[in-house]
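Descriptive structure summary
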Amino acid sequence: TAPYYGCQCLRPYPVFDDPENPTTMEPLIEAVGASVHSWDMGCKCCGASQMATKSDVAIKYVADILKAAKGADAVVTVCPMCQMNLEAYQDKVAQRYGGPGPVTILYLPQFLGLAMGLSDDTLGIGLNLALSPDFSRKRQTAVTA
């Protein structure tokens, strides 16, 4: 699981976490039995604020984040704007840069809810815009088991 903080909740004041090396989600991810994906993209801008005016730049930001998440079961974010941006533009990333294919992006409460056994319906998982085939298969297996 790749913890993704984005840039808005970390800046301009280092109150929530270290803006250059955030770690506050890692203990939560580990506490529910998941492993933390090692990467350096957790505090990088997803480009949401530039999507309307400089979409080429923003799409590149999304592409870089999604490619760095390769190997993670999901990207978990604390920012709903980042979640929307990382989900909504995956098709454009694939068209422009190729791959990486659907990457599951979860809002932190969804991730924690899944770990606690709450249903996909309760958590609104079906409303997410991007779920990797592996994530969907694992969820289906867990539900039917």
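The following paragraphs examine the structure supplied in this document.

Criteria and cut-off values
- Residues numbered from 1 in each chain as written.
- Predicted model: local features only at pLDDT ≥ 70, side-chain atom pairs only at ≥ 80, totals over all residues.
- Heavy atoms only, no water.
- Helix = DSSP H or I, 4+ residues; strand = E, 2+ residues; numbered from the N terminus.
- Buried < 20%, exposed > 50% of the residue type's maximum accessible area, 1.4 Å probe, protein only.
- Pairing = 2+ DSSP bridges.
- Axes fitted to C-alpha atoms, helices over the stretch in contact; angles between N-to-C directions.
- Contact = heavy atoms within 4.5 Å.
- Phe/Tyr/Trp six-rings, centres within 6.5 Å; stacked < 30°, edge-to-face > 60°.
- Lys NZ or Arg CZ within 6 Å of the ring centre and 35° of its normal.
- Core = buried A, V, L, I, M, F, W, Y, C linked by side-chain atoms within 4.5 Å.
- Salt bridge = Lys/Arg side-chain N within 4 Å of Asp/Glu carboxyl O.

Observations concerning the environment of Thr-53
For Thr-53, the position within the fold is in the loop between α1 (26-31) and α2 (55-68). Given a relative accessible area of 66%, Thr-53 falls into the exposed group. With 27 residues separating them in the primary sequence, Thr-53 and Pro-80 have C-alpha atoms 20 Å apart.

Describing the sheet that holds strand β3 (residues 105-107)
The parallel open sheet is built from three strands, whose spatial order is β1-β2-β3. Looking along the sheet, the strands with just one partner apiece sit at the ends: β1 (2-4) and β3. If you compare each strand with its neighbour and ignore which way they point, the axes differ by 30 degrees on average. Relative to strand β2 (residues 75-77), β1 runs parallel, the two being bridged by three bridges. Bridging across to β2, Tyr-4 finds its partner in Thr-77. The strands touched by helix α3 (residues 80-88) are β1, β2 and β3; relative to β3, the strand with the most contacts, the crossing angle is about 165 degrees.

Some words on the packing of aromatic side chains
Note on aromatic pairs: each is described by the distance of the centres and the angle between the planes. Counted according to the given criterion, the structure contains one aromatic pair. One Lys or Arg, Lys-60, reaches over the ring of Tyr-97 and ends 5.5 Å from the middle of that ring.

Examining the nonpolar core
Tyr-4, Trp-39, Cys-46, Ile-65, Val-75 and Leu-86 are the most contacted members of the largest nonpolar core, which has 22 residues in total. Secondary structure elements with two or more residues in this core: β1, α2 and α3. Here this core gets six residues from one element, more than from any other, and that element is α2. Core analysis: the second largest hydrophobic core is formed by 14 residues, Met-25, Leu-106, Leu-108 and Ile-125 among them.

Looking at helix α5 (residues 108-115)
Listed in full, the buried residues belonging to α5 are Leu-108, Gln-110, Phe-111, Gly-113 and Leu-114. Remark: Gly-117 follows α5 within two positions and exhibits a positive phi of approximately 90 degrees.

Details of the side chain of Gln-83
With respect to the helices and strands, the residue Gln-83 is situated in helix α3. Residue classification places Gln-83 among the buried positions, given a relative accessible area of 10%. Discounting chain neighbours no more than four positions away, the residues touching Gln-83 are Thr-77, Ile-105, Leu-106, Tyr-107, Gln-110 and Asn-128.

Section: the pattern of salt bridges
The final tally for this structure, using the stated rule, is two salt bridges. In this structure, Arg-96 and Asp-56 form a salt bridge, with 3.0 Å as the shortest nitrogen-oxygen distance. Highlighted residues: Arg-96 in helix α4 (residues 90-97) and Asp-56 in helix α2, separated in sequence by 40 residues. With relative accessibility at 51%, the residue Asp-56 sits in the exposed group. A salt bridge links Lys-60 to Asp-64; the nearest nitrogen and oxygen atoms lie 2.7 Å apart. Linking Lys-60 with Asp-64, this pair stays in helix α2, spanning four residues, or about one helical turn.

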